[in-house]
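# Observations on chain architecture
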Amino acid sequence: MRIEYVNGMLLRKAFIGAANYLEENKEDVNALNVFPVPDGDTGTNMSLTVQSAIKQILELEEDSTISQVAKSASSGSLMGARGNSGVILSQLFRGFASGLEGKEEVNTMDLAESFKLAADMAYKAVMKPTEGTILTVARECAEYASDLAKKEKDIIIFMSEVIEHGNKSLDNTPNLLPVLKQAGVVDAGGKGLIVILTGAFRALTSKGEIEYLGKSTGKKKDGKQVHRDELETSDIKFGYCTEFIINNTKADVEKFREELALYGDSLMVVGGEDLIKVHVHTNNPGLVLEKALSIGELNDIKIDNMRIQHRNLLIEEEEYENNHNNVIEIDTKKESKKYSFITVSMGDGISKVFKDLNVDYVIPGGQTMNPSTEDILNAVEKVSGENIIIFPNNGNIILAAKQAKEMSEKNLYVFPTKTVAEGIVALLNFNQEASIDENFEAMESAVENVKTGQVTYAVRDTEIDNIKIKKDDIIGICKGDIKAIGKDIQKVSLELIKKVVDENTELITIFYGENIDEDEANTLAELLEAEFDDYDIEVVYGGQPLYYYIFSIE
């Protein structure tokens, strides 16, 4: 088989093949997490991001150009990006699409240029690019492709050799990033990229059409999202939740937003790449769609009757509360105020703590499931503050939050908390009367004085910093370092705390997870009180999955 040009139909086939192959192999990518903890989710995040791209591609006509297919993949992945790996992947797709702008078919030289633009775009998305990651693999594939395209015109041979070089680049990542070598793994994001390229190559070399195998389901163990503001369906002013995407439009996004504001509330209008995504609550979805048709083509239309949904939700809430004492409450009231807070939380107990700290919207997620850029943008539209501050509470969610900030028209700020403990301390030090700059300075100072300890279990055998870890060992972690290992949860917890506290420690808060009962948590508190009689010890139900304990040490 010889292919010298790729058109829109072939690129569509390649993307579908990439999505299918990544979904099949996502657990292999997940397993490459440096720490052997049960929340390695790089493969899942990348798979969900690619599937958001496929969702947009499948809305296109089959005879769409390669430029249109690439642009749809870019738009879909930007909205669906999850985790750092997903955000970087969406930027790779964005750069790739820019290289194919206006083209109907491409050769190896065009692909090589697009690969280069993809790598450049991804590097720009990261404030401090780290070599030995997906960035390195993307860049080295692009550099090799540029040289190869000068002499190789067969796209099949070209892609085969680029992937072969990419695998060599991937194998070299441990030599560039010591933490990978210590863990005995290659970079997970780089592996995911090679899987994507391999899936695309397999699709290009296969005969006939390829069927999209369907959507991944990410793990959502962090509790149920319950809305409690409206108790009567008569309180719902606009009854139809209407969502759609406008393609091939050059319309003024701000002007269109102002026009749609006349038809309802909870309005989200986000534009980019000749595409506008719309969410609105209205009583006249037909009029809204008619207005949208005047500026472009519509797809991905979804209309829900919220009054019927609400009646069903009240029944579900009652059943849920019969079995659960703690619920994630979400405040979607639209009263005007200076500040609104959005936070990401895992565990119904931790979510309740955030609600008690006046958080307006809690996005379920964290280690087990990173929210997408679109999830964050949807949360932004649910709150009404003049200034909206997002607390990601996870290092793997910060990039998606920043991407949402760039796409939103609101006064959106990201305070880059990496743990739940940091998020809580930051909120405790927020002053409603102070300015954004004053509050960020105060929160940064407060977060510097808090340490987060976590106790979980190892999912595989490994060796880190000359410490041998066996599968199912209990491990205690602080600031990316494994501080304690053993077989007993309480003993490992105590050892972890001993190694983390210092002369400035005054307070230890114990957040116990869904697999720890209150008596066990109180027993641990008694052990800590006996060991550290000068510290205040607090016990709080967190309800978080996978992590037996999360400690806030101040």
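As a reminder, the structure under discussion sits directly above these lines.
Thresholds, definitions, all that
Counting restarts for each chain, with residues numbered from 1 along the sequence as it is written. It should be noted that, the model being predicted, local features are given only for residues of pLDDT at least 70 and side-chain atom pairs only at 80 or more, the latter also being counted only at that level, while totals for whole chains, interfaces and linings use all residues. Side-chain figures throughout are based on the complete set of non-hydrogen atoms in the structure, without hydrogens or water. Ring geometry is summarised as follows: Phe, Tyr and Trp rings, the Trp one being its six-membered ring, pair when their centres sit within 6.5 Å, and such pairs are stacked at plane angles under 30 degrees, edge-to-face over 60 and tilted between the two. Two distance rules govern patches: like charges are joined within 9 Å, and nonpolar side chains (Val, Leu, Ile, Met, Phe, Trp, Tyr) within 5 Å, applied only to residues with over 30% relative accessible area and no salt bridge. Per-residue and other accessible areas follow the Shrake-Rupley method at a 1.4 Å probe size, with only the shown protein chains counted as cover for residues. The rule for a salt bridge is simple: a side-chain nitrogen of Lys or Arg has to be within 4 Å of a carboxyl oxygen of Asp or Glu. When charges are counted, neither His nor the chain ends are considered; positive counts come from Lys and Arg and negative counts from Asp and Glu. Lysine's charge is taken at NZ, arginine's at CZ, aspartate's at CG and glutamate's at CD. The numbering of helices and of strands both runs from the N terminus, where a helix is a DSSP run of H or I of at least 4 residues and a strand a run of E of at least 2. The classification of residues rests on relative accessible area computed with a 1.4 Å probe and restricted to protein chains. Under 20% of the type maximum is buried, over 50% is exposed, and intermediate values are partly exposed. Axis definition: a line fit to C-alpha positions, over the contact stretch in the case of helices; interaxial angles, taken between N-to-C directions, run 0 to 180 degrees. Roughly parallel here means an angle under 35 degrees, roughly antiparallel means over 145, roughly perpendicular means 65 to 115, and every remaining angle is called oblique. Crossings are assigned a handedness: left-handed for a near helix turned anticlockwise from the far helix by less than a right angle, right-handed for a clockwise turn. In this description, contact between two residues means that some pair of their heavy atoms is separated by no more than 4.5 Å. The classification used treats Ala, Val, Leu, Ile, Met, Phe, Trp, Tyr, Cys and Pro as nonpolar, Asp, Glu, Lys and Arg as charged, and all other residues, Gly among them, as polar. A pair of strands is considered paired only if DSSP assigns at least 2 bridges between the two. For a helix, the expected span equals 1.5 Å multiplied by the residue count minus one.

### Examining the packing of aromatic side chains
Counted under the stated rule, the structure contains 13 aromatic pairs. Following the ring pairs from residue to residue traces out a cluster consisting of Tyr339, Phe341, Phe391, Tyr413, Phe415, Phe430 and Phe440.

### Side note on a negative patch on the surface
A cluster of like negative charges, contributed by Glu61, Glu62, Asp63, Glu209 and Glu297, occupies part of the molecular surface. Here Glu297 shows up in strand S7 (residues 297-305). Taking relative accessible area as the criterion, Glu297 reaches 49% and is therefore assigned partly exposed.

### Topic: the packing of helix H2 (residues 42-57) against helix H9 (residues 188-204)
At a closest axis distance of 9 Å, the pairing of H2 and H9 adopts a crossing angle of 40°. On the basis of the axis angle, H2 is oblique to H9. Here H2 and H9 pass one another in a crossing that is right-handed. On H9, the residues touching Thr42, Met46 and Val50 of H2 are Ala188, Gly189, Gly192, Leu193 and Ile196. Considering only residue class, the contact of H2 with H9 consists of 5 nonpolar, 3 polar and no charged.

### Considering the sheet that holds strand S17 (residues 481-486)
What the 6 strands build is an open sheet, ordered S17-S16-S13-S20-S18-S19; its pairing is mixed. Edge positions in the sheet fall to S17 and strand S19 (536-541), since each of these pairs with one other strand and no more. Taking each pair of neighbouring strands and ignoring which way they run, the sheet shows an average axis angle of 20°. Examined bridge by bridge, strand S16 (residues 474-478) and S17 share 5 bridges and lie antiparallel to one another. Note that in S17 the partner of Gly476 across the bridge is Ala484. Contacts from helix H18 (residues 489-500) reach strand S13 (451-457), S16, S17, strand S18 (507-512) and strand S20 (549-553) within the one sheet, and its direction differs from that of S17 by about 145°.

### Regarding helix H6 (residues 134-149)
With 16 residues, H6 ought to run about 22 Å at 1.5 Å a step, and its terminal C-alpha atoms sit 22 Å apart, in line with that. Of the positions making up H6, those classed as buried are Ile134, Leu135, Thr136, Val137, Ala138, Glu140, Cys141, Ala142, Ala145, Leu148 and Ala149. Residues of H6 that are buried sit in contact with H2, helix H4 (83-99), helix H5 (108-125), helix H7 (155-176) and H9.

### Regarding the packing of H6 against H7
Packing of H6 against H7 brings their axes to within 9 Å, and their N-to-C directions diverge by 145°. Handedness of the crossing formed by H6 with H7: right-handed. Touching Thr136, Val137, Glu140, Cys141, Tyr144, Ala145, Leu148 and Ala149 of H6 are Phe158, Glu161, Val162, His165, Gly166, Ser169, Leu170, Thr173 and Leu176, all from H7. Among the residues making up the contact of H6 with H7, the classes are represented as 10 nonpolar, 5 polar and 2 charged.

### A closer look at unusual backbone geometry
Backbone geometry at Asp472 places phi at a positive 80°, although glycine is not the residue there. Mapped onto the fold, Asp472 is located in the loop between strand S15 (467-469) and S16. Backbone geometry at Leu546 places phi at a positive 70°, although glycine is not the residue there. With respect to the helices and strands, Leu546 occurs in the loop between S19 and S20.

### Topic: the pattern of salt bridges
Taken as a whole and assessed by the stated rule, the structure comprises 20 salt bridges. Notably, a salt bridge pairs Lys451 with Asp502, separated by 2.9 Å at the nearest N-O pair. Pair noted here: Lys451 is in strand S13 and Asp502 is in the loop between H18 and S18, with a separation of 51 residues, a long-range link. Its salt-bridge partner being Lys471, residue Asp472 comes within 3.7 Å of it at the nearest N-O pair.

Shape descriptors only; they carry no functional weight alone.
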